[in-house]
Amino acid sequence: MWAEIICGLLIYKFVRRFFKDDEISDETSSDSTALFSVAHRLEKLYGGKAYVGLRIPDADTSSRQDIDLVLLTKGQVVVIRVKTLSGIVTVASDGSWVCEAGKHHTTQTYPDPLVEVKKQASVLESYLEQRGVTLLEENLSCKVVIPNPNFRTMHAFPSEVITYEEWKHLKPVSRKTLSGWVKGALWTGKEMQESSHQKLNFILGTAPMWDRVELKSSKIVLGEFLEFKGKQEDTLALKQIKRSKVDRISIQQTSMLGFAPSRLQVRYSYRDYRSEGRSGSESKEVTVRSSTEVLFQPRDSTKIKKFKLSSLLSISLSA
């Protein structure tokens, strides 16, 4: 009996290890996934285009400033900081946020996100000026959005901070029936000139961004693609994929389980710099083993993550 139980456990562990998708911690992926969820909802509510995961050069520090997302509408450029805090949040005397969570009431302190997003807006404004667009003061604003339903607070935040209770009640609006929140943040009554709006779309579409991987589990992870790992035959086939030329890679399985090794179809699209750096019409395909891996450095993590190519839907590369 014991022999059967032990044998069953060994088989279970083997099968689970062989077939499971790559795991990534909720903390690593939830923030990135939340950014795209917030971006999608803002586009539906207010129109325009949301740019996620920007890395804007900061001339003052000779580094890059991470910006969660920028929403561009006809009347506004809105820089948005997304905080997925879960727990009871208070504000310390120095303005930092203190979040208490869990059954052990552990606390963690965060820099004031409103100060952070105002700094990000300033860096973005300078970057846009360097690329030929000067914004009027009323056309640039910033917000902190908290989309986590487990966020709790008794603090009265400034109007630039959108708590979960406010976030869940936002409604689609038109220019004729603007809510108070939109009047204060996303609309000033003055539209940009069409030429300026088009130029802003081009600049933001070609600005430095984080790479991203989309998993079959519907999770999205922002970070930096490093390289492919696997059999020499496969890595040589994938050597044509260079970020200077390719901006999107999609992965599909070409064979079901069986005695023959599973193969993956990797399709990569060439970058078209004439259209905001988006994919052009030209694409190519290669077929590689499903054991091929992707080395990826997640944003805000010191550890390099290995993803099985078979666990991914797509990879997007920044120029």
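Definitions and limits used
- Residues numbered from 1 in each chain as written.
- Predicted model: local features only at pLDDT ≥ 70, side-chain atom pairs only at ≥ 80, totals over all residues.
- Heavy atoms only, no water.
- Helix = DSSP H or I, 4+ residues; strand = E, 2+ residues; numbered from the N terminus.
- Buried < 20%, exposed > 50% of the residue type's maximum accessible area, 1.4 Å probe, protein only.
- Contact = heavy atoms within 4.5 Å.
- Pairing = 2+ DSSP bridges.
- Axes fitted to C-alpha atoms, helices over the stretch in contact; angles between N-to-C directions.

For the protein, the name recorded in an unreviewed UniProt entry is NERD domain-containing protein, with Brassica napus as its organism.

When you line up the elements, H197 lands in helix α6 (residues 194–206). Accessibility expressed as a relative area gives 10% for H197, which makes it buried. The contact partners of H197, leaving out residues within four places of it in the chain, are L72, T73 and K74.

Turning our eyes to something else, we now look at the sheet that holds strand β6 (residues 106–110). The four strands lie next to each other as β6-β5-β4-β8, forming an open sheet whose pairing is mixed. Strands with a single pairing partner mark the edges of an open sheet, and in this sheet they are β6 and β8 (151–153). On average, adjacent strands in this sheet sit at an angle of 30° to one another, irrespective of strand direction. Direction of pairing for strand β4 (residues 87–91) relative to β8: parallel, over a ladder of three bridges. Across the sheet, V89 pairs through a bridge with T153, a residue of β8.

Tracing the backbone through its elements, the reader meets K168 in helix α4 (residues 164–168). Assessed through its relative accessible area of 37%, K168 is described here as partly exposed.

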